[in-house]
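Tertiary structure, described
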Amino acid sequence: MRKLPFKGFDNRELRFIVGVLLVVGLASIFNFERAYVRSRDVQRKNDLKHIATALASYAYDFGSYPASRDGKILACGIPEQLRPCEWGADGLRDISDLSYPAYTDPLPNDPQQSEEKARYIYKSNTQNFQLFASLENKMDDEYNRKVADLQLPCMGRICNFMVTSNSAIVGVLDEKSATESVLPNGKK
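Structural notes, computed from the coordinates.

About the thresholds
- Residues numbered from 1 in each chain as written.
- Predicted model: local features only at pLDDT ≥ 70, side-chain atom pairs only at ≥ 80, totals over all residues.
- Heavy atoms only, no water.
- Helix = DSSP H or I, 4+ residues; strand = E, 2+ residues; numbered from the N terminus.
- Buried < 20%, exposed > 50% of the residue type's maximum accessible area, 1.4 Å probe, protein only.
- Contact = heavy atoms within 4.5 Å.
- Areas by Shrake-Rupley, 256 points an atom, 1.4 Å probe, with all protein chains shown as cover.
- Polar contact = N/O pair within 3.5 Å; in protein donor to acceptor, adjacent residues only side chain to side chain.
- Pairing = 2+ DSSP bridges.
- Axes fitted to C-alpha atoms, helices over the stretch in contact; angles between N-to-C directions.
- Disulfide = S-S within 2.5 Å.

Regarding its fold elements, the protein presents 2 helices and 8 strands. Counting across all 188 residues of the protein, residues that qualify as buried make up 39%. Relative to all contacts within the protein whose residues are 6 or more apart in sequence, the contacts with residues 24 or more apart total 58%. Carbon together with sulfur atoms contributes 54% to the accessible area of the protein, which is approximately 11700 Å² in total.

Listed below in structure tokens is the structure:
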């Protein structure tokens with residue numbers, strides 16, 4: 001049997017192949033972006049749950065949660081001069097005994113904080129706390145419209161996800177009442 005030489009594709013066939021490749025490429029780019037959004041939202045939810053666990057351990061040891069200032073945990077520095085902890089840089093630890101293992105080190109930060117698009121927010125009156133984040137996907141099962149209605153800014157976006165020490169809390173905790181009792185009395 002004699003083989004016919006391959007003469008290539010004609011113009012119509014080439015246009016069809018290029019068109020199919022463009023459609024597949026565009027669909028892939030859209031799906032990759034959705035996957036990145038989902039992965040950042042999963043990280044945000046996991047980060048806040050991790051911080052909440054660390055705060056519960058802190059409260060168990062000291063009898064209260066750390067106070068808050070400017071949306072940050074007020075538990076860094078030295079006992080005489082507490083300062084807000086920086087997300088992604090400072091750890092939550094016993095500042096009076098640095099040999100004691102950190103509750104979390106460093107505190108996680110929002111995956112887009114370096115781009116100044118979002119950051120986590122911490123509010124506490126030392127008896128309860130609230131942690132806020134802004135999920136990108138409004139169709140996420142844990143997107144909370146009631147939290148979004150509070151209009152609390154998580155840097156460039158409105159917070160719409162919350163982890164709290166007490167689910168009965170309505171509204172945003174007042175930071176001002178927390179600054180009077182800043183340093184816990186000591187570990188149990």
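The next subject is the environment of L48. Inspection of the secondary structure assignment puts L48 in helix α1 (residues 11–62). Overall, L48 belongs to the buried group, its relative accessible area being 0%. C-alpha of L48 to C-alpha of M162: the two residues are 114 residues apart in sequence and 8.1 Å apart in space.

Here N160 lies in the loop between β7 (157–158) and β8 (161–164). According to the relative accessible area criterion, N160 is buried, its value standing at 4%. Here the side chain of N160 touches L135 through a polar contact of 2.7 Å, landing on its backbone nitrogen. The residues contacting N160, other than those within four sequence positions of it, are A133, S134, L135, E142, Y143, N144, V147 and A148.

What follows is about the sheet that holds strand β2 (residues 72–78). With respect to topology, 3 strands assemble into an open sheet ordered β1-β2-β3, the strand pairing being antiparallel. The sheet is open, and its two edges are formed by β1 (67–69) and β3 (81–84), each paired on a single side. Going across the sheet, the axis of each strand differs from the next one's by a mean of 60°, ignoring polarity. In this structure, β1 lies alongside β2, joined through 3 bridges in antiparallel fashion. Directly across from S68, in β2, lies its bridge partner I73.

A disulfide bridge is the covalent bond that connects two cysteines by way of their sulfur atoms. Summed over the entire model, instances satisfying the criterion amount to 2 disulfides. Through a disulfide, C76 is tied to C85; the S-S separation comes to 2.1 Å. A torsion of 105° about the S-S bond marks the disulfide between C76 and C85 as right-handed. Take C85: its relative accessible area is 0%, and that puts it in the buried class. Here C154 pairs with C159 through a disulfide, and the sulfurs are 1.8 Å apart. Residues C154 and C159 are joined through a disulfide that is right-handed, its torsion about the S-S bond being 105°.

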